[in-house]
Amino acid sequence: MSAIQPIAEIGETPLVPAHVDAAFVSNEVSRVTEKPAPIGWWLVFGLALTFLGVLGVSVGYLFWNGIGSWGNNNPIAWAWDITNFVWWIGIGHAGTLISAVLFLFRQKWRTSVNRFSEAMTIFAVICALLYPTIHVGRVWVLYWALPLPNQMSMWPNFKSPLLWDVFAVSTYFTVSLLFWYIGLIPDLATLRDRAKSLVRKRSYGAFALGWRGSNRHWRNYERAYLILAGLSTPLVLSVHSVVSFDFATSVMPGWHTTIFPPYFVAGAVFSGFAMVSTLMIISRQVFGLKDLMTMKHLEMMNKIMLVTGSLVGYAYSMEFFIAWYSGNEYEKYVFINRATGPYWWAYWTMITCNVISPQLFWFKRLRTSIPVMFAISIVINIGMWFERFVIIVTSLHRDYLPSSWGMFSPTLVDIGCFTGSLGLFFTLFSLFIRWLPMIAMFEVKGALPNAQPSHVHATATGEHGADIHGTVAAKEA
Amino acid sequence: MKFADALKKVPTSIHFSSYVDETASLCTWQVPRAHELESWGDAQSLTGVYSVQQPLIAPLWGGRSDIEVLGKLAGLPNWRGYDIVQATVDERGIRGEIAWRQLLNKGVAPSTFGTVTAGLAARDADVANALKQLGEPAPLGDSFEAAFIADPKLFDGRFANNQWLLEMPDPMTRITWDNAAMLAPSTAKELGVKNGDIIRLSKGDASIDIVAWMQPGVAARSVILPLGWGRTLAGSNGNKKGFDVYPLRSSASPHYLAGVKLEKLDVRRYPISQTQEHDVMEGRPIAIEATLDEYKDKPNFPEFESPDPAYGPLWKTQDYSQGNQWGMLIDLNTCTGCSTCVIACQAENNVPVVGKDQVARGREMHWLRIDRYYVGESEDEPDVAFQPIACQHCEEAPCENVCPVAATSHSPEGLNDIAYNRCIGTRYCMNNCPYKVRRFNFLNFNQEVPETRQMGMNPNVTVRFRGVVEKCTYCVQRIQMAKIKAKTQGRRELREGEVVVACQQACSTNSIVFGDLNNPKSAISRRYRADRSYGLLSEIGTRPRTRFLGKIRNPNPEMKTVKA
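Note that the structure is a prediction, hence the values are computed from the model and not measured.

S.K.: Any chance you could explain the overall build of chain A here in plain terms?
M.R.: Summing up its helical and strand segments, chain A has 17 helices and zero strands in all. What you see for chain A is a C-alpha radius of gyration of 23 Å, in line with the 23 Å of a compact globule of 477 residues. Dimensions of chain A, computed from the C-alpha atoms along their principal axes, are close to 75 × 55 × 45 Å. Counting only contacts in chain A whose residues sit at least 6 apart along the sequence, the fraction spanning at least 24 positions is 80%.

Below is the structure:
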């Protein structure tokens, strides 16, 4: 229980201000979905919808004319498509990390941000899934990559890392979606109970699956949530590891590297937290939720970014060291070329954004300044996009035979597909914060300073906090 | 010479040609000429061998052959090509249906008809005299010397409408779809001219504007001008491609023109499409070569630079000891970089032409390419190494493992096959190919193929749709045809030389050897593991089936540019 009880001796303070109580939480979070949307929401939604349109047009053009609408070529057969894919998948990592890993580690500060970041994960994975889908030459036979029984008696090639990707990403998406939905059920019931109109009552009611907040419901809920948290935790590590296998198992210098799985996972968590941070800062501003998403939360996030940013920086330098230490001339050339070749600007953008900028978070003043952290979160996202661009494009553009070396230049359709995916993401996200409780109300209630359980019946459910929720639910009832 | 102006003054002019070209547009009449493959004809060699030429197809566009037009002009009653040839055959005493059919079948007559001894004496004295008349060249001073060369692809311009040739990279500059004025890099630097700048070359009234290109090996203050480009009525493919350099050339000085003024024009840089943009090997063991002395000292020199990996793969390797095992051996010693094999491959395998813009984007489709590297220390006078590269048919092919749908996989005969119909186009195989030989149909390059061009396609090879990957198949269709033929003849085994792949067939120097590695008597198995033999990038562990024979140079020690 020490996680809820701040230890004053080491300078810990409560996660939320003292005036926040259970009713306040319900009101603050629910009102966002009940009152007309503020102008800020309409602005974001309108802009997002516009870019979603751009995505539609770009993808339509791409399907009609072929992959040649992009700038991809030989030797750079993958470019922005897979860069965007890995970038989005990386962003989609924070959600599960916050929900599952921090849940298992009893990090109560996650309660304000977990719903939010889980939603972000799902939308980011949707955006990520877009790219492997549209980047194939013959999209109409994409289903051949799935192990479906068919009249050709053909299985997919289980040796291919792309197939592992299919499994890893689809598993991740399914589990994340379930996890998110299960976690939503008690809050959906709250919205249902507060609903004034029949439509709201019926629609939230349908998705609340008849939740009544009974002790048995809570017991089942806690079980399910814990099992899903357990299932998701290895996925946090596996998804990006598998994505990194696309590169690590190849024979290409600059790709064929054993450091990739941990390096990719660290980078993914890094970019995911940056994106959560960006979104949190915007939403707490637009919806005035500063009491629930406090500076303390943001500071925690920034600390994680500092750690993962440093891990990524270590990986960058270790790549260089190994390239030299291996004595492999092709490997050496790739890394020298990254830093000094025609794409030097991409490499140094990456280093500046990913390694140098998070180091500012060592200073408490900067770590707790909203404008600074907002700027850095954006910068990190740019940097992480460049990291994938550097890995993919600069490795491919100069490989073994100098005769086949080439350069990549994006087309309008490339730009449309990328900005369009941001449109898709923000459209989904805007709809989410408008219609669903963006903060896990019941979980925050469990982490309130006055949520100290007055009775303990944890013996039946073990150590995973069921008692807290039980208490809150009892209070509400 | 102002031929065009002179021609306009002729009241009746008749142009007899297969093409409506620049000359035709100035004539009053155009007579359509049948192609050689549409015409009857005959010929007799100097040694008296008589041969008959039989058309493959009736004239597609109603053309008339040369002899038919001559026959008409001469007022022959039986002016048809067939009749004229029949008459000549009759004169040769070949009579009757059977004899005629035998003649057509064999192509040559059984007996000879008297040798012709034309005066073919060497004219050494004339040559010496002509050389003397040239005298000492006048000093160039500030001016430049233009040298006109027959274009390696279009010759004098007669092939200017041929897409294959237009897209074929120039053997030396690697430029496609254009010609360029080639300058020595040192001269270009001196003038402040960069690749793609437009320069004006003028002498007297004549002047041309042409794109400049730095070409190592060109003499200082010399401008090389390939002929045959910039035509206006070559046809839909060849019109306005490249730059016409004929205005500078006169019959008085058809090969060289001294005293040419060169100025750089202040206009937008002209885009040039190359298939190879990096010219040196960066010290990598790619086109491996040695001097004769080095070879004598270490006959297996390539092995030291491109060794097979010390350890094999972790998994059980396929057994290649049975059946036909196809392999290719390319001798870098004899390859001249002429690129005939590139076109042969293109014709055989229905490889599409993609156009200048797509080549600039790096999307040329050639299954076989010739890599050209400059070697040696000097930038101005380098040596050149050519290396034909197609799919290496790796026994441990990196492309095969990564395909999610198993569209590319190995045949028991050691071919790296692709099932186009299975390919979904992830392009992962292209990324993982160390030789970058796999080609992707980025767009539908076969969208509008006119009927006549469809007739020119190889019916044994699939035309690929957009979105699939393709590459060299070792002419698998020819292998299959040979097997079918052997089977119909009741043979189990293929004979040596029965399978000839397109590039091998076209190579004028026999640099490409193809055959069955399991046949100890085959030409390839005798040389496959010769001392000069090596597998390209074999240290990655790909075990390529195509191997190369390292190049040996025997430099004249008195020439300064050779590699020490």
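S.K.: I'm lost on the overall build of chain B in this one. Help?
M.R.: Across its full length, chain B holds 18 helices and 24 strands. Relative to the globule expectation of 24 Å for 564 residues, the C-alpha radius of gyration of chain B, 27 Å, shows essentially globular dimensions. The C-alpha extent of chain B, read off along each of the three principal axes, is 80 × 75 × 50 Å. Here chain B holds 564 residues, and 38% of them are scored as buried.

S.K.: I tried to follow the interface of chain B and chain A on my own but got confused; where do I start?
M.R.: Counting residues at the interface gives 41 residues for chain B and 37 residues for chain A. Elements with a minimum of two residues in the side of chain B that touches chain A: α13 (398-402), α14 (428-431) and β19 (439-440) of chain B.

S.K.: Honestly, the environment of Cys503 of chain B in this entry has me stumped. Any pointers?
M.R.: Residues and elements named next belong to chain B. For Cys503, the location among the structural elements is in helix α17 (residues 502-506). Separated by 28 residues in sequence, Cys503 and Asp531 place their C-alpha atoms 24 Å apart. Not counting the four nearest positions on each side in its chain, Cys503 is found in contact with Cys341, Ala344, Cys345, Leu368 and Ile512.

S.K.: Would you mind showing me how to read helix α4 (residues 81-91) of chain B here?
M.R.: Every α-helix carries 3.6 residues per turn, so stepping three or four residues along brings you back to the same face. All names here are of chain B. Buried residues of α4: Gly81, Ile84 and Val85, and no others. In an axial view of α4, the angular spread of the buried residues amounts to 95°, which keeps them on one side of the axis. Among the exposed residues of α4, those pointing more than 90 degrees away from its buried face are Ala87 and Asp90. At its buried positions, α4 is contacted by β3 (41-44), β4 (50-53) and α3 (66-73). One or two steps after α4, the chain reaches Gly93, where phi turns positive at roughly 80°.

S.K.: When you look at the domain arrangement of chain B in this model, what are you seeing that I'm missing?
M.R.: By a widely used convention, the size of an interface equals the accessible area lost when the partners come together. Domain parsing of chain B yields domain 1 (33-106), domain 2 (139-274) and domain 3 (289-313 + 323-553). Measuring from the centre of the C-alpha atoms in domain 1 of chain B to the corresponding centre in domain 3 of chain B gives 40 Å.

S.K.: Before we go on, may I ask you to explain the sheet that holds strand β21 (residues 512-516) of chain B in this structure?
M.R.: What holds strands together in a sheet is hydrogen bonding between their backbones, with the strands either parallel or antiparallel. All names here are of chain B. The mixed open sheet is built from four strands, whose spatial order is β21-β14-β23-β22. A single partner strand is all that each edge strand has here, and the edge strands are β21 and β22 (533-534). By the bridge criterion, four bridges tie strand β14 (residues 326-331) to strand β23 (residues 546-549) in an arrangement that is parallel. Bridging from a neighbouring strand, Ile330 pairs with Phe548 of β23.

S.K.: Can you walk me through the confidence of the model for chain B in this structure?
M.R.: The predicted coordinates of low-pLDDT regions are not to be read in fine detail. All names here are of chain B. Scored by pLDDT, chain B has a mean of 90; 98% of the residues are at 70 or more. Looking across chain B, the model is least confident in helix α6 (residues 124-134), with a mean pLDDT of 83, and most confident in β14, with 96. Model confidence for the complex is summarised by a pTM of 0.89, with the ipTM given as 0.88.

S.K.: Looking at this structure, I do not really get helix α4 (residues 93-104) of chain A. What am I missing?
M.R.: Residues and elements named next belong to chain A. Helix length check: α4, at twelve residues, gives a terminal C-alpha distance of 16 Å against a target of 16 Å (1.5 Å per residue), a fit within 8%. Taken together, the buried positions of α4 are His93, Ala94, Gly95, Thr96, Leu97, Ile98, Ser99, Ala100, Leu102 and Phe103. Those residues of α4 that are buried are in contact with α3 (80-91), α5 (114-134), α6 (161-194), α8 (215-248) and α9 (260-287). Looking one or two places after α4, you find Arg106, whose phi comes out positive at around 60°.

S.K.: Honestly, the environment of Ala79 of chain A in this entry has me stumped. Any pointers?
M.R.: Residue and element names in this part refer to chain A. If you trace the backbone, Ala79 turns up in the loop between α2 (39-65) and α3. Once the C-alpha coordinates of Ala79 and His397 are considered, the two residues, 318 residues apart in sequence, prove to be 9.9 Å apart. Apart from residues no more than four positions distant in its own chain, Ala79 is found in contact with Trp70, Gly71, Asn72, Ile392, Val393 and Phe408.

S.K.: Which parts of the structure should I look at to understand the environment of Pro459 of chain B?
M.R.: In this structure, Pro459 of chain B sits in the loop between α15 (451-455) and β20 (469-470). The sequence separation of Pro459 of chain B and Asn349 of chain B amounts to 110 residues, and the corresponding C-alpha distance is 9.4 Å.

S.K.: What is the right way to read the nonpolar core from this model?
M.R.: Note that soluble globular proteins tend to have their nonpolar side chains buried in a common cluster. Judged by nonpolar contacts, the single largest core of 214 residues is most densely connected at Ile89, Met120, Ala128, Phe270 and Val276 of chain A. Ranked by residues supplied to this core, first place goes to α9 of chain A with 15 residues. Each of domain 2 (139-274) and domain 3 (289-313 + 323-553) of chain B accounts for three or more of the residues forming this core. With sequence-adjacent residues up to four places away left out, Ile89 of chain A is seen in contact with Val125, Ala128, Val169, Val239, His240, Val243 and Ala268 of chain A. Judged by nonpolar contacts, the second largest core, of 29 residues, contains Ala181, Met182, Leu201 and Val223 of chain B.

S.K.: Would you take a moment to explain the pairing of strand β11 (residues 256-264) of chain B for this structure?
M.R.: The side chains of a regular strand alternate between both faces of the sheet. Residue and element names in this part refer to chain B. Taken together, the three bridges between strand β5 (residues 144-149) and β11 define a ladder with antiparallel strand orientation. Bridge pairing in β11 places Phe144 opposite Val260. Of the pairings in the sheet, the one linking strand β8 (residues 198-203) to β11 comprises four bridges and is antiparallel in character. When the sheet's bridge partners are listed, Ser202 is paired in β11 with Lys261.

S.K.: Honestly, the confidence of the model for chain A in this entry has me stumped. Any pointers?
M.R.: Mean pLDDT over chain A: 86, with 90% of residues reaching 70 or higher. Low pLDDT, under 50, characterises residues 455-477 of chain A; the predicted model gives this stretch 38 contacts beyond four residues in sequence or across chains.

S.K.: Explain the packing of α4 of chain A against α9 of chain A here, please?
M.R.: The relative placement of two packed helices comes down to the angle between their axes together with the axis-to-axis distance. Residues and elements named next belong to chain A. For the pair α4 and α9, interaxial distance at closest approach is 7 Å and the crossing angle is 90°. The pairing of α4 with α9 is recorded here as roughly perpendicular in orientation. Of the residues in α9, those touching α4 at His93, Ala94, Gly95 and Leu97 are Ala268, Val269, Gly272, Phe273, Met275 and Val276.

Reading guide: rules and limits
- Residues numbered from 1 in each chain as written.
- Chains lettered and ligands numbered in written order.
- Predicted model: local features only at pLDDT ≥ 70, side-chain atom pairs only at ≥ 80, totals over all residues.
- Helix = DSSP H or I, 4+ residues; strand = E, 2+ residues; numbered from the N terminus.
- Rg over C-alpha atoms; globule rule 2.2 N^0.38 Å.
- Contact = placed C-beta atoms within 7 Å.
- Buried ≥ 20, exposed ≤ 12 C-beta atoms within 10 Å, placed from the backbone.
- Arc of directions from axis to C-beta.
- Domains from an automatic or database assignment.
- Pairing = 2+ DSSP bridges.
- pLDDT = per-residue confidence, 0-100.
- Expected span 1.5 Å × (residues − 1).
- Core = buried A, V, L, I, M, F, W, Y, C linked by C-beta atoms within 7 Å.
- Axes fitted to C-alpha atoms, helices over the stretch in contact; angles between N-to-C directions.
- Parallel < 35°, antiparallel > 145°, perpendicular 65-115°, else oblique.

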